[in-house]
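Overview (structure and organization)
The primary structure of each chain is shown beneath.
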Number of protein chains: 2
Amino acid sequence: MDEFSLIQTYLAPLAGAGGFGLLDDAAIYKPRGGFDLVLTKDSFVEGVHFAKGRYGADTAERLLRTNLSDLAAKAARPAGYLLSIAWPNRADIKFFAGFAAGLRDAQQSYDFTLFGGDTVRTDGPMVISATFIGEVPSGQMVTRSAAQIGDDVWVTGTLGAAMLGCHYVTGKAIIPPPTGPALWAFENAYLRPEPRLLFRKALRQYASACADISDGLLSDARHIAKASAVNIMLNFNRIPFAPDAKDWALAQDDPLAALIELLTFGDDYELIFTAPANMSEGLLAAASKTGLRLTKIGHVSESSDAPKVTCQDAQGNVMIFPKTGYTHF
Amino acid sequence: MDEFSLIQTYLAPLAGAGGFGLLDDAAIYKPRGGFDLVLTKDSFVEGVHFAKGRYGADTAERLLRTNLSDLAAKAARPAGYLLSIAWPNRADIKFFAGFAAGLRDAQQSYDFTLFGGDTVRTDGPMVISATFIGEVPSGQMVTRSAAQIGDDVWVTGTLGAAMLGCHYVTGKAIIPPPTGPALWAFENAYLRPEPRLLFRKALRQYASACADISDGLLSDARHIAKASAVNIMLNFNRIPFAPDAKDWALAQDDPLAALIELLTFGDDYELIFTAPANMSEGLLAAASKTGLRLTKIGHVSESSDAPKVTCQDAQGNVMIFPKTGYTHF
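Presented here is a report on the structure given in the accompanying data block. (Residues numbered from 1 in each chain as written. Chains lettered and ligands numbered in written order. Predicted model: local features only at pLDDT ≥ 70, side-chain atom pairs only at ≥ 80, totals over all residues. Heavy atoms only, no water.)

Some points on the relation of the copies chain B and chain A
Note the following rule: The atoms used to superpose the copies are C-alpha atoms, taken from residues with pLDDT of at least 70 in both, and the fit is least squares.
Screw-axis analysis of chain B against chain A gives a translation of 0.0 Å along the axis, an RMSD of 0.0 Å, and a rotation angle of 180°. One copy is carried onto the other by what is essentially a two-fold rotation axis. For chain B, the residue whose C-alpha comes nearest the rotation axis is B:Gly124, separated from it by 2.3 Å.

In structure tokens:
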């Protein structure tokens with residue numbers, strides 16, 4: 001099957017208005033008056049961001065879900081995306097149908113279309129890259145840079161399950177071995193993270209700054225601290241670990257080190273955000289309406305020096321961590 | 001140097017308004033009223049789209065120029081781009097400064113800024129991907145699908161030099177060896193193709209359909225034929241070959257085969273477009289104003305069956321070609 005047939009068979013059905021059935025090299029997007037566009041782009045490399053040889057639906061869907069998480073953190077609605085696929089020569093083309101099915105599932109779950117992109121071959125690992133266009137009412141995008149001194153720090157959902165899911169998917173032993181339901185929850189947390197798009201209206205209304213947790217809670221908190229030129233203090237005992245992940249950590253020789261590992265691994269794709277202290281009630285009501293767990297885990301304070309994130313234990317002592325998150329270089 | 005320092009040192013200076021100094025995961029773009037957006041995305045794989053190990057300015061600049069050519073074919077003005085870089089572990093980070101300089105040169109030549117993107121590592125070949133946002137007055141985008149029966153077919157500039165430039169850059173012998181100025185012209189045609197952005201107003205005014213020549217004249221003509229459901233007939237003897245490339249072809253054992261090779265290799269990044277027959281005068285005047293060579297090379301006719309592109313020789317005989325252009329699969 002040549003490039004054009006492959007695109008026409010598997011990708012063209014995913015294209016919406018403006019994508020010209022993928023018969024063109026470009027797409028058209030007619031912006032709605034009164035909206036700003038949010039642009040974001042993220043890539044996956046085989047063997048780095050997904051397991052070697054995993055060319056099917058899982059990988060495609062996770063690429064889109066993680067990009068959608070970037071839009072969720074900006075309080076934006078997804079409109080569509082462009083996709084580049086560098087398909088390995090060693091990967092059978094038969095996997096392409098599954099890959100396209102993963103794209104379709106994510107599109108149907110979150111209501112957006114494919115605008116375009118390109119498909120090429122590579123001798124090396126698979127590299128895929130998505131660029132998303134989102135929209136947000138003019139002037140209402142939530143950034144990382146407007147956290148205010150005195151704000152509360154919040155986190156959505158629970159943390160830690162994605163790390164164990166990643167270990168499972170990449171064949172790394174988890175000891176003690178999780179029971180069936182926990183294993184399924186770990187795998188699902190890693191492969192199908194839930195972009196918190198439904199919370200976008202509440203974010204616009206209440207949040208001062210937001211980031212999604214892709215590199216680890218502490219690392220992403222630091223992104224907000226740095227961009228906002230503030231300090232962030234987190235209360236370690238308030239951090240909402242996924243119960244099964246916490247059970248795993250507590251069964252380790254050094255439970256504290258294991259908990260910290262869960263916080264610095266990343267891949268949770270929950271949101272960390274800051275909001276004025278008097279917004280708690282409104283936030284909790286909005287979260288409750290969308291069935292979302294929301295936890296206040298810290299506060300924003302003045303930074304007299306380089307902005308930093310610290311974590312304090314139940315006794316109020318500042319904790320020291322060896323590393324704060326994932327970096328690529 | 002870690003990922004964040006690399007981005008802050010080399011890429012942040014390339015970011016414009018809306019890019020947040022690349023401190024955020026997303027960019028904001030405020031669309032101007034009365035304009036549609038044109039979206040396009042293209043990737044380069046090391047060893048496929050550029051020579052192995054060529055990690056510097058040339059490759060970065062060519063990636064942007066070839067993407068700009070897609071916007072030029074749509075009669076759009078570039079606004080900005082997002083860039084994904086999968087940087088090989090074996091490539092020294094010292095090349096990153098040169099790579100960024102190539103991005104900067106293209107940005108300065110064509111007046112657009114960097115919105116964002118991501119930078120990751122790979123064990124395999126380098127893979128880079130750019131997504132461009134262009135703008136065009138509402139409803140005035142030129143597509144591939146509106147060529148009309150009776151239209152003339154035009155091409156900008158000259159063809160063929162890029163193939164010989166590619167051979168030179170990838171170390172393939174060119175026989176007979178070109179003289180100095182010809183070699184420089186070949187190399188330049190391949191590494192620094194000129195996106196025909198200055199011709200966009202004329203395209204909006206006169207053209208019915210347009211494509212840029214990335215896969216080869218015949219292949220890209222076929223894209224227009226297929227999308228417009230028409231036949232395209234080209235006059236072989238009117239095709240404007242680059243003089244030095246034509247000299248090379250005429251010195252080969254089979255000059256005709258060599259000329260056809262020049263037409264089916266691609267990488268010229270000129271524009272092929274269709275326009276009503278009574279638009280010749282206006283088109284030639286507009287081209288002359290921007291110093292652009294413009295050649296009428298054929299015409300559009302009715303397609304009773306599957307749309308096709310044919311080429312006829314000086315005697316009016318239809319020519320048969322073994323392949324029509326580059327395909328990735």
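After that view, the rundown keeps rolling.
A short note on the packing of aromatic side chains
To keep things clear, this is the line we draw: Each Phe, Tyr or Trp ring (for Trp, its six-membered ring) is paired with any other whose centre lies within 6.5 Å, and the angle between the two planes then decides the class: stacked below 30 degrees, edge-to-face above 60, tilted in between. Helix and strand labels come from DSSP, where a helix needs a run of H or I of at least four residues and a strand needs a run of E of at least two; each type is numbered from the N terminus. When accessible area is computed with a 1.4 Å probe and restricted to protein chains, residues below 20% of their type maximum are described as buried, those above 50% as exposed, and intermediate ones as partly exposed. Whether a charge sits over a ring comes down to the Lys NZ or Arg CZ being within 6 Å of the ring centre and within 35 degrees of the ring normal.
Counted according to the given criterion, the structure contains 28 aromatic pairs over all chains. Taking 5.7 Å as the distance between ring centres and 65° as the angle between the ring planes, the aromatic pair formed by A:Tyr29 and A:Phe115 counts as edge-to-face. In this pair, A:Tyr29 is assigned in strand 1 (residues 27–29) and A:Phe115 in strand 4 (residues 113–122), connecting sequence segments 86 residues apart. The class for A:Tyr29 is buried, based on a relative accessible area of 9%. Aromatic rings pair up to connect A:Tyr10, A:Tyr55, A:Trp87, A:Phe95, A:Phe96 and A:Phe99 into one cluster. Directly above the aromatic system of B:Tyr190 lies the positively charged group of B:Arg62, at a separation of 4.1 Å from the ring centroid.

A look at the interface of chain B and chain A
Applied cut-off: Here, residues are in contact when the closest pair of their heavy atoms is within 4.5 Å. Note on definitions: buried area is the accessible-area loss of two parts on being combined, 1.4 Å probe, summed for both. Note on definitions: salt bridges are taken to be side-chain nitrogens of Lys or Arg within 4 Å of carboxyl oxygens of Asp or Glu. Polar contacts, as counted here, are pairs of nitrogen or oxygen atoms within 3.5 Å of one another; within protein the pair requires one atom able to donate a hydrogen and one able to accept it, and residues that are adjacent in sequence qualify only if both atoms are side-chain atoms. Ten residue types, Ala, Val, Leu, Ile, Met, Phe, Trp, Tyr, Cys and Pro, are classed as nonpolar, four, Asp, Glu, Lys and Arg, as charged, and the remainder, Gly among them, as polar.
Contact with chain B, which involves 59 residues of that partner, is made by 59 residues of chain A. Interface area for chain B against chain A, summed over the two sides, is near 5200 Å², with a carbon-plus-sulfur share of 63%. A salt bridge links A:Asp36 to B:Lys30; the nearest nitrogen and oxygen atoms lie 2.9 Å apart. Taken together, the links from chain B to chain A amount to 17 residue pairs in polar contact (both at pLDDT 80 or more). Of all the secondary structure elements, the ones that give two or more residues to the side of chain B that touches chain A are helix 1 (3–11), strand 1 (27–29), strand 2 (35–45), strand 3 (77–88), strand 4 (113–122) and strand 5 (127–137) of chain B. If one sorts the elements of the side of chain B that touches chain A by residue count, strand 2 of chain B sits on top with 10 residues. The class makeup of the residues in the side of chain B that touches chain A is 29 nonpolar, 15 polar and 15 charged.

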